[in-house]
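Chains, contacts and geometry: an overview
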Amino acid sequence: MTPVSINDFVNKELVLFSRQDCIRSIPSMIDGLKPSQRKVLYGCLKRDLTKEIKVVQLSGYISETVLYHHGEQSLNQTIISMAQDFVGSNNLNFLVPNGQFGTRIMGGKDSASPRYIYTYLQPITKYVFREEDEPLLAKQEEEGVVIEPKHFLPILPTVLVNGATGIGTGWSTTICNHNPVEVVDRLIDRLNGSSSAEPLYPWYRGFTGCFKRDKNAPSTSFQVYGHCQWVDSTTLVINELPVGKWTQDYKMFLCELLQQGKLISGFKENHTDTEVAFTVTVKESVAKELIKSEEECMKTFKLVSTMSTKNYFLFNAEGHIQHYADSLAILDDFIAYRLPFYQQRKESMLKRLTAEKEVLQNKASFVQGVIDGAITLKNRPLKSVVAELEKSGLKKEKNGYEYLLSMPVSQLTAEEKQALEVRRDEMEKKTVELENKTSKDLWIDDLKEFRSAFLQVRCGTMA
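Attention in this report is confined to the structure presented alongside it. (Residues numbered from 1 in each chain as written. Predicted model: local features only at pLDDT ≥ 70, side-chain atom pairs only at ≥ 80, totals over all residues. Heavy atoms only, no water.)

Counting secondary structure elements, the chain contains 15 helices and 15 strands. Taking 2.2 N^0.38 as the reference for a compact globule, 463 residues should give roughly 23 Å; the C-alpha atoms of the chain span a radius of gyration of 29 Å, well beyond that estimate. With the C-alpha coordinates aligned to their principal axes, the bounding extent of the chain is approximately 105 × 65 × 50 Å. When contacts within the chain are restricted to residue pairs at least 6 apart in sequence, long-range pairs at least 24 apart make up 65% of them. Per element, the accessible surface of the chain, about 24,200 Å² overall, is 51% carbon and sulfur. One way to put it: in the chain the 57 positive side-chain charges average out to a point 1 Å from where the 59 negative ones average out. (Helix = DSSP H or I, 4+ residues; strand = E, 2+ residues; numbered from the N terminus. Rg over C-alpha atoms; globule rule 2.2 N^0.38 Å. Contact = heavy atoms within 4.5 Å. Areas by Shrake-Rupley, 256 points an atom, 1.4 Å probe, with all protein chains shown as cover. Lys, Arg positive; Asp, Glu negative; His and termini not counted. Charge placed at Lys NZ, Arg CZ, Asp CG, Glu CD.)

Side chains of Asp-214, Glu-294, Glu-295 and Glu-296 sit close together on the surface and give a patch of like negative charge. You can see Asp-214 is positioned in the loop between β7 (210–212) and β8 (221–225). Residue Asp-214 is classed as partly exposed on the basis of its relative accessible area, which comes to 34%. (Patch = residues over 30% accessible without salt bridge, like charges linked within 9 Å, V, L, I, M, F, W, Y side chains within 5 Å. Salt bridge = Lys/Arg side-chain N within 4 Å of Asp/Glu carboxyl O. Buried < 20%, exposed > 50% of the residue type's maximum accessible area, 1.4 Å probe, protein only.)

So, on to the sheet that holds β7. The strand order β7-β8-β13 describes an open sheet built from three strands, whose pairing is antiparallel. Two strands bound the open sheet, and with one partner strand each, they are β7 and β13 (304–308). When strand polarity is set aside, the average angle formed by the axes of neighbouring strands in this sheet is 30°. Here β8 runs beside β13; their pairing, made up of five bridges, is antiparallel. Note on β13: the bridge partner recorded for Phe-222 is Met-307. (Pairing = 2+ DSSP bridges. Axes fitted to C-alpha atoms, helices over the stretch in contact; angles between N-to-C directions.)

Listed below in structure tokens is the structure:
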């Protein structure tokens, strides 16, 4: 074995590992996904996963179709984390959690075995990753197999919606979750020319506490408040914890206070897997002081934490790790990258509509020719029929006139000709509507459709 110098090892070998480590750990600004998450989403979309399947079966399918190389257990955990919807996890889970996918009690670590839980695509996922953008995705191949695209093209920056955490070699990232509706509204405002600098506040679905900006603290941090209330002079009910503080961990904290014997004399647990409810008996001498100051009470019981926006690092559109000053900087970079793809989508859709319209017109003309007797098919050689079709000006496709000659006899009727013309006119109408829209109009339409669907999900009215 040829010896390698430390200098060559670090600069030629270790650097490659370090880059791959960062790629696996830090998401992209474009779609907010890490490679493993991108593989899971691609596998689900490719399979059109609308019926539930065991997590372990889905991971097997993904390993086979998109060549996942990092172990079954890691892939199972990625699928589980993409389906989790407890407070502090996803604001917009792309997969449905059917079974025990983990709770806020232990921060998701209490999920069941992948053999016993099921999942499928959340219906709203297709409002985020639109089918119309599929032809625009940068395809990738590995070992002769088409795998997940380099990036997906979501209609909004999903990294702001679901947040992100990750530690690579020399880099790390921690991005807060934000309200999808607010992100959509800010996008629409910016597309319409607004440049508001009002910060985007963190938002976690189901969280009943609040976020505040401390005037004395740096502008890069938010104060996160849980919630508590006094029910009598010594009884404190704690019914919300700061985001990221799990129920089990907080129980251990109360046990420590109980052992110390200075602050509390007991507590009861009344919480569920979705709601927090600790009833704490506070020593009378301490309670008198804490009742006077809500802020002091919150700090004493560790119901206040800090959420920083300093560590907003993501891979940018050029594939380099970039620091973003805040959520608005991510939003603006996303708009700059995403908007040109709407123009590409418009051109692609117009081309497809024109082609479909031409096929329908050709079919209608062909049927009319057969009805009128101008085109005769009976007892004639195929070459003669093809020559006649060419002379009539009907368009050829890749397989010649197969699209016309393969039409069933039952469709060579006046009724079918009329139906074809109706569909052609519909295509013409869609073409005109599309031509009259700008790329910004198309994007805003998508955003409004998503917002409506998301609000239906929150209200429980979407299937």
